[in-house]
Structure formats: C-alpha cells, structure tokens
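So the chains spell out like this:
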There are 2 protein chains.
Amino acid sequence: MEKNKLELYNSKEEYLKDLEKRGKLPEGFKTSVVSLEFFPAERPVEKPLPMKLSLLMLDKPTSVFGAVFTRNKCPGAPVIIGKERLLSDKVRGVIINNKISNVCTETGVKDSNMLLEHLAKETGCLPQEFFPSSTGIIGWQLPVKDMVQNIPRLVSALAPGTGVNLAEGIMTTDTFPKLRSAEVGDGCIVAVAKGAGMIEPNMATMLSFIMTDISMERDIIRDILKRVVEKTYNSISVDGDQSTSDTVIIMSSCEKKKVSEKEFEDALYKVCLDLSVDIVRNSEGCGHVVKASVTGASDFETARNIGKAIVNSPLVSTAIFGNDPNVGRLLSSIGDYAGNNNIELNKDKISISLGGDIVFEKGAFRLDQEKELRLVHYLKSRVLDSDHKTFPEHNYTVNIDVNLGMSSGNGNATVFGSDLSYGYVRENADYRS
Amino acid sequence: MEKNKLELYNSKEEYLKDLEKRGKLPEGFKTSVVSLEFFPAERPVEKPLPMKLSLLMLDKPTSVFGAVFTRNKCPGAPVIIGKERLLSDKVRGVIINNKISNVCTETGVKDSNMLLEHLAKETGCLPQEFFPSSTGIIGWQLPVKDMVQNIPRLVSALAPGTGVNLAEGIMTTDTFPKLRSAEVGDGCIVAVAKGAGMIEPNMATMLSFIMTDISMERDIIRDILKRVVEKTYNSISVDGDQSTSDTVIIMSSCEKKKVSEKEFEDALYKVCLDLSVDIVRNSEGCGHVVKASVTGASDFETARNIGKAIVNSPLVSTAIFGNDPNVGRLLSSIGDYAGNNNIELNKDKISISLGGDIVFEKGAFRLDQEKELRLVHYLKSRVLDSDHKTFPEHNYTVNIDVNLGMSSGNGNATVFGSDLSYGYVRENADYRS
C-alpha cells in the first residue's frame, strides 16, 4: 500500500498565507474586485443576491495572449465574444462576474458588450481590448445596470500585489480560492481558477486566468496552452457535465525575457495540473480525490476516455465515497465504455490495481478477505475529513491504475475525479437559492 | 400545467394483490424460488449472506425463444453462455440467482455450467437447454456448492400459478417486485424484471424474463424483441452505467395460436415499456421519474442520445431532486452532448418545456418569477413521498419536452430517468454490505 500522506495546512489562515506568498502578480499586471447586490428578474427573492465583479488588467496592451473555450454547443455570450477576441491584435484584460453565467438570454451579447463599453470608457481603452467572462446560473439575465454602476469603483481599486483577491472574486460554490504559480527564467507564471461542480472534459463551469511576464510569440503560447489544457483542465471530471462557459485565458506582459518553449510548457503544465487537482479537491461535496492512471491504451484519447469512464461512473464514485472497495465496478465501467465505443478489450491482458494492490489480472479478479480489509482501510485513510472544506487538508488521492495491455499500447493518460457524495447532491439540488 | 395524477395503490398489500391478478403464467410455464445462505470467499462477514435461486421452466422444450444482452465488453459468465444458447435448437428454461453476478472470476463459466449440469440431471433435460442468469456483485465467485445443494428443492417446488414469486426472487436492491402482462389473441404475455441502480442504455444490471403462449416463428420473435428492447429497456437510464449482466430473454410455449406480428409487437411493447418505467420508479433513491421526450432530431439515435444526455446529467437530476427548476442545465446538457458529438444545433429553432410550460424558445430562455413558482410547484407535486418505496405510489413523471427543430427532423424518442438523490448515493455507497 502507498504511504505518502502530505499534510498541507492546519487552518484556512495558514492556507491563505501560503497563497499570498505564492500569489505575487507578474510584472505589468493589476487586479481588483468589488461586491454588489441585485434582484434577479427570473426568481422572486426576499433579499438581493450578492455578486462579485473582478478585473484583471495589464498596464499595457499585449498581443501575446490566447484562450481555450468550452465545446458546449450552447455557449454563453462571453464565450461567443471571447472567440472573436482571439482575432484582436491586442488585449488589455478580463472583466469577470460570478452568480450569473449570461447564457442564452435575449440580450446576452448586448449585455456583455455594454459592460465592456463602460469599462473601456472608464479605463481609456477600447471595448475590444477586453474579454468578458461570466459564471453562475444559466438562463438568467445579467444585472447590467447594477454592474455598470460599479465599474468606476472597480477600476479605481486596481492594484498590483497578489492575485489572491482575484482567486476569491471569481469563486461560486468553491469553498477556498485556488491560485498556483511557478518561477520560470527571470519571470513567473501565476494563475487562478474557479470551478466546483460540473467540472468535466472541456473544463465545465471552469474559469482559469493565467498571467505571465515571460516574452513569447503569440502562436507559440497558443499552441502550448492547447496542449497543456488537454492534459490538465480537460483531464479532470467531477460529474460528466461540461458547462456553457468554460474558459482558460493566458496573457503575457512580456516584461521578462524569453525562455525555451519546453521550459515554459513544463512550468505551465505544472501550474495548470496543480490548479486542476485543486478544483477537483474543492468540488462540491468531494470526499476522496480519485486519480485514474490508464496505460497501455492504443492512444491518448482512448486512455483519457477510459479514465473518465471510471471516474465518471456514479457507481464507482459512490462506492469510493462509502469506502467500499467494490472493484467489480471498475472493470464494469471500462467494459461499458468499450462496448459503447466498439473498442476491443483483451481481458487477459488487463490489469487493475487500487492503492497499488492488484485487484484484477489475467482475466479474473484477485480478491480475498485480507485484501478487502486492506482496501477498506486504504479508502478510509484517503478521505477529506470535513464536509465543508475551507482549505485543502492534504494531498491524498485514491489511486486507480489500469493497464489495458493493448498491443499498440503507447497511450497513457491520468484523469482526476471526485467521489459522488451526499454533499454533491445537496449542493446541486438547490444551487440557486 | 398538467394534471393527471394517478393514484395507484394505497399499500404494498394492494399492489401485491394486483400483481397476483395480472401475473397468471401463460400456459406451459412453471416457476419456483428457494432461499439459501453462503459465506463469500472475498469478504469477511459475520453472518452468512442471503441468496435467492429462481427457476423458470417450460413443460416442453421450445424452439421459439430469443435474447438480448448487454454490450458491456466485460460480460458475466451467464451472458457468455447465453449468447451461445441462441444457437441451440430448443431450450427449456432459465435458472437465476441474485447477490453475485458471476463476472470475471477464474472459474466463472465453469461455475455456471456446473449449475446447469446439476439442474439438467434433476430435471431430466440437457444442460444446454437452460440459460443461466446472475445479478449482483461483480468480481465475486458463485457459491456453487451451496447452490447445487438447493437444486433438488428448487426443482420440486416448480408450480404453475403466477410469476410473482419469480418477480420477487430476482430482486436485488429493488424494493418491490415488477411484473406486467397483456392479453393478446387467445393467450398472453407475462414478464418480470429486476433492476434498480445502474440502469442504462443497454439495460444495465437489468434482467427481464418474458413468457408467452402465443405461437410465433423464432426469427420473427427475435426481430420483434430487438426492436422493442431499443425503445423500452434501452431507453431508460438511471445512472449512465451499463452492467456486465443485462439480459432480456423471451420464450414461448406456443400453446396458443398465432396473432399478427403487429398485434404481438404492440402488446410486447406495452409490457416492456411499463416494466421499464417500473424499474426507473423503483431505482435506488428515486424521488422523481423524469420523462424526456425529444422530437425534431435528425434520427431516432440522436433523439434518444439527447434524451439520455438530459436525464443522465447529474446536474439536471440533482436539481429536479431538489425541486429546483434550474432549467439552464437542460439546455447545457443538450449543448454538451452536441459539442462532444459534432452535432450542429440551431438554437433559434430549439424549444424546451418543463411540465408543459415553455422555458426556452427562439434562442432565449423564457423565464419570469411567476413561472418559476409554477415550476417549483410542479416539481414538488411529482415526487414520490416515501424514501424507501415498497410499492409504486403513483404514475407521475416530470415531463421535459424538447423539440430540436432540425431540418431533417423526423427522429423522436422518449427516455425515462430518475432524479439523483441522497438515497441513490447512500444505497450505492455500500451496496455490498
């Protein structure tokens, strides 16, 4: 069995202190966050609802930026506008709101554009130099009036320092802010993310904003971003849903000199992978973080899809939630995916282990009473204690290793997911109240 | 809003009485069920575990039979053997056990065959005249010795009468037996089913045994069965998993004279659809039964897959569980499926309604405060009251109607699913204990 418990923090204060330390913004960036309240048009409420408006801004426009968006065919207005922005010569920043995701309302695109116009006026920039970004309830209208009123306050609050306020400002059901950074060359990469619930293939309800001061060509940074997103944000999965609003944006101030592509990609991968796992660990009701490593597949896609089939299976995840090593469901979820996608499996070559303990090999399950007790103990030792986490308690994962033993098998992938718990059901049953 | 509450039964007794009435076996069939206890090799337990062994048998061998099995690529031994049986000239019956599904153990096929050999000896038939069928935990070995010891008792208990004992014998986490019947021509169709949890595309952990006395050609009955299964058992979905053991078997004693194909297919469709909805209504922790009707798709497959994407979305189903009309998630789940499968959507032509109330039309959500209250009321009025149902309380469904408005849109499908509730998580978290 594995023994690598990593106690991280003893309190939220300790965690936030660490975030402050690692969160120093790269040169050339400022951020600000303001709170506001509004009454929605679509639901009768007794008290106004809270919203946070965040701004991430470069001191100077940059041509070195890129973005990856959800593949959902009913994307929000900010995604529609964001895709157009990729054609802009230069951008200056991103304005982000939580609470309402601005998807498919009659005035959606108009609403976002109005926000940008007021922001441009206030900052002396052009509207097309900004990305809009929204997360929250689908189908409701943005309270544009209330938001516009707060733009002067938002702009005047802009300050250098750390990105922790931004990481906090973009949260929805997240219970702690998520920020990761890496030094690279003379500069750094600093990124924040939000996402909890509905985290899946294409980064569902996942927002991530990545800042760097390293100089880089625009085409190269875009290619690197795409590759990294596939192996990080697109390799986590909490509930199999992909949202209408998922967005990853990278921007460089180019204040520091270039590094090699590989050096930059490695650093970006590390930052994004850590943020991805942070998101899973903070997903709604998450008890165990499940890490499914699939090797010996025909290709990366197959490996990743089978990893996702495992972590997305409600039967697998509810068993893990209950510390029940019901390993039959692991094989069943693999067979289910293969059957639905016409993939041939050679059961005799498949091996599956849980926590390093072989449970399936050479065509048959390898189970006995001692192993059962060991696996129960393993699962119990890897759970997050508190139901409502305000900081990441440890770095534990429940490790599921699958070797598919396919003849052409060079495809490997690692997928992270969450157990499906009471908390998940509770939080999603009335998310909007 | 719809108003078609159908109170069905006031007590389990009333329900069982009705089952007895509708459950009279077709001519030429007998059934029996015995209980036994065993200690599993794979898990330390203080008390032996209970198992039920059921037998369904024809008075005479028949050549008119067919079966449809799971598409899971890691099927159980009974499915492997069952597929071979389809090549047999004649069969006599099915022996079924619950508790262990006999999947991928070293001795799986051997174990099932040993059972059949003893059954053949006891009945004076051939082993290849029987289908084996198992449902329950994946990965554990069948307690063949204990089962074989009980075969004489099982065979001597064979009796005509109703199929209610069989419907009860095959239950696992089901909380009430499921049996449906229809008169057709001079004879009838009587079918039982088990399934609760892991109900999906290809009838996951779903067993159904269909008996008829209507004469029919073997090829024709097999074609009819395939078509009917697609629109019934393969159009329900509780958790997106398809099991290693799903099986539907039909057998005719041919004691009554032929009817037209259409007449038989219509009756079989009705029986299987009602059983399918019974299964959903009795699925683990089910509160609301969700009925997603999709029209205007390019074809049946697309319609059904989009229906499944809706009812399988944990975000949609947890919202329904909480009586929260978070209708944005309906559109999101449609867009998610379309995005992952390269299906073009024309949002302006899509309409979505919940309980007959339009919530999305002409490219935008149509929501207001009054409608919100109406939808909350609708969802609240359609829930099953008791957490642990021992009989179906009513026939309510939560109706989601989607018109995709595709230009070539003749594809329609109706999919049934369950809300995802605390009960679902609780039951699946420690199913094996």
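Residues numbered from 1 in each chain as written. Chains lettered and ligands numbered in written order. Predicted model: local features only at pLDDT ≥ 70, side-chain atom pairs only at ≥ 80, totals over all residues. Heavy atoms only, no water.

K.L.:
Which parts of the structure should I look at to understand the state of the cysteines?
P.N.:
Covalent bonding between the sulfur atoms of two cysteines is what defines a disulfide. Following the criterion strictly, the structure yields zero disulfides over all chains and no others. You can see Cys74 of chain A has no disulfide; the closest cysteine sulfur is in Cys104 of chain A, sitting 5.5 Å from it. Cys188 of chain B takes part in no disulfide bond, and the closest cysteine sulfur, belonging to Cys254 of chain B, lies 13 Å away. Using a relative accessible area of 15% as the deciding quantity, one classes Cys188 of chain B as buried. (Disulfide = S-S within 2.5 Å. Buried < 20%, exposed > 50% of the residue type's maximum accessible area, 1.4 Å probe, protein only.)

K.L.:
I'm lost on helix α7 (residues 218-231) of chain B in this one. Help?
P.N.:
Every α-helix carries 3.6 residues per turn, so stepping three or four residues along brings you back to the same face. Residues and elements named next belong to chain B. For α7, spanning 14 residues, the distance from its first C-alpha to its last is 21 Å, which sits close to the expected 20 Å at 1.5 Å a residue. Listed as buried for α7 are Ile220, Ile221, Arg222, Ile224, Leu225, Val228 and Val229. The elements touched by buried residues of α7 are β3 (65-69), β8 (207-214), β10 (247-256) and α8 (261-281). (Helix = DSSP H or I, 4+ residues; strand = E, 2+ residues; numbered from the N terminus. Expected span 1.5 Å × (residues − 1). Contact = heavy atoms within 4.5 Å.)

K.L.:
Got a minute to help me understand the sheet that holds strand β9 (residues 236-237) of chain A in this structure?
P.N.:
The strands making up a sheet associate through hydrogen bonds between their backbones, and the pairing can be parallel or antiparallel. Residue and element names in this part refer to chain A. Sheet architecture is open: seven strands sit in the order β9-β16-β11-β15-β12-β13-β14, paired in mixed fashion. Of all the strands in the sheet, the pair left with one neighbour each is β9 and β14 (364-365). Lying over the sheet, helix α9 (residues 300-312) contacts β9, β11 (289-297), β15 (398-403) and β16 (411-418), oriented at roughly 25 degrees with respect to β16. This element, helix α12 (residues 369-380), spans β12 (351-354), β13 (357-361) and β15 of the sheet and lies at about 120 degrees to β13. (Pairing = 2+ DSSP bridges. Axes fitted to C-alpha atoms, helices over the stretch in contact; angles between N-to-C directions.)

K.L.:
Honestly, the sheet that holds strand β3 (residues 65-69) of chain A in this entry has me stumped. Any pointers?
P.N.:
All names here are of chain A. Here we have five strands laid out as an open sheet, ordered β3-β10-β8-β7-β6, and mixed in their pairing. The open sheet has two free edges, formed respectively by β3 and β6 (178-184), since each of these has just one partner strand. Sheet twist, expressed as the average angle between the axes of neighbouring strands with direction ignored, equals 10 degrees. As paired strands, strand β7 (residues 187-194) and strand β8 (residues 207-214) are joined by six bridges and run antiparallel to one another. Within β8, the residue paired with Ala191 across the bridge is Ile210.

K.L.:
Help me out: how do you make sense of the packing of α7 of chain B against α8 of chain B in this one?
P.N.:
The axes of two packed helices give the description: the angle between them and the distance between them. Residue and element names in this part refer to chain B. Contact geometry of α7 with α8 gives a least axis separation of 10 Å together with a crossing angle of 40 degrees. It follows that α7 is oblique to α8 by the angle criterion. Viewed along their axes, α7 and α8 form a crossing whose handedness is right-handed. Here α7 contributes Ile220, Ile221, Ile224, Leu225, Arg227, Val228 and Lys231 to the contact with α8, which in turn contributes Glu261, Phe264, Glu265, Leu268, Tyr269, Cys272 and Leu273. Considered class by class, the residues forming the contact of α7 with α8 number ten nonpolar, no polar and four charged. (Parallel < 35°, antiparallel > 145°, perpendicular 65-115°, else oblique. Left-handed = near helix turned anticlockwise from the far one by under 90°. Nonpolar A, V, L, I, M, F, W, Y, C, P; charged D, E, K, R; others polar.)

K.L.:
It is not clear to me how the pairing of strand β2 (residues 49-62) of chain B should be interpreted in this structure. Could you clarify?
P.N.:
One face of the sheet, then the other: side chains in a regular strand alternate in exactly this way. Residues and elements named next belong to chain B. In this structure, strand β1 (residues 29-38) lies alongside β2, joined through ten bridges in antiparallel fashion. From the neighbouring strand, Phe29 faces β2, where its bridge partner is Leu58. Where β2 and strand β4 (residues 91-97) come together, six bridges link them in antiparallel fashion. Looking at the pairing, Leu56 lines up with Val94 of β4.

K.L.:
Please clarify how the packing of aromatic side chains should be interpreted in this entry.
P.N.:
The relative placement of two aromatic rings is captured by the distance of their centres and the angle of their planes. Taken as a whole and assessed by the stated rule, the structure comprises eight aromatic pairs over all chains. Residues Tyr9 of chain B and Tyr15 of chain B carry aromatic rings whose centres are separated by 5.1 Å and whose planes lie at 65 degrees to one another, so their mutual orientation is edge-to-face. Ring plane angle 75 degrees and centroid distance 5.0 Å describe the contact between Phe360 of chain B and Phe365 of chain B, whose orientation is recorded as edge-to-face. Of the two residues, Phe360 of chain B and Phe365 of chain B, both sit in the buried class. An aromatic cluster is built from Tyr9, Tyr15 and Phe176 of chain A, whose rings are joined through pairwise contacts. One cation-aromatic arrangement involves Lys231 of chain A over Phe300 of chain A; the distance from NZ or CZ to the ring centre is 5.8 Å. (Phe/Tyr/Trp six-rings, centres within 6.5 Å; stacked < 30°, edge-to-face > 60°. Lys NZ or Arg CZ within 6 Å of the ring centre and 35° of its normal.)

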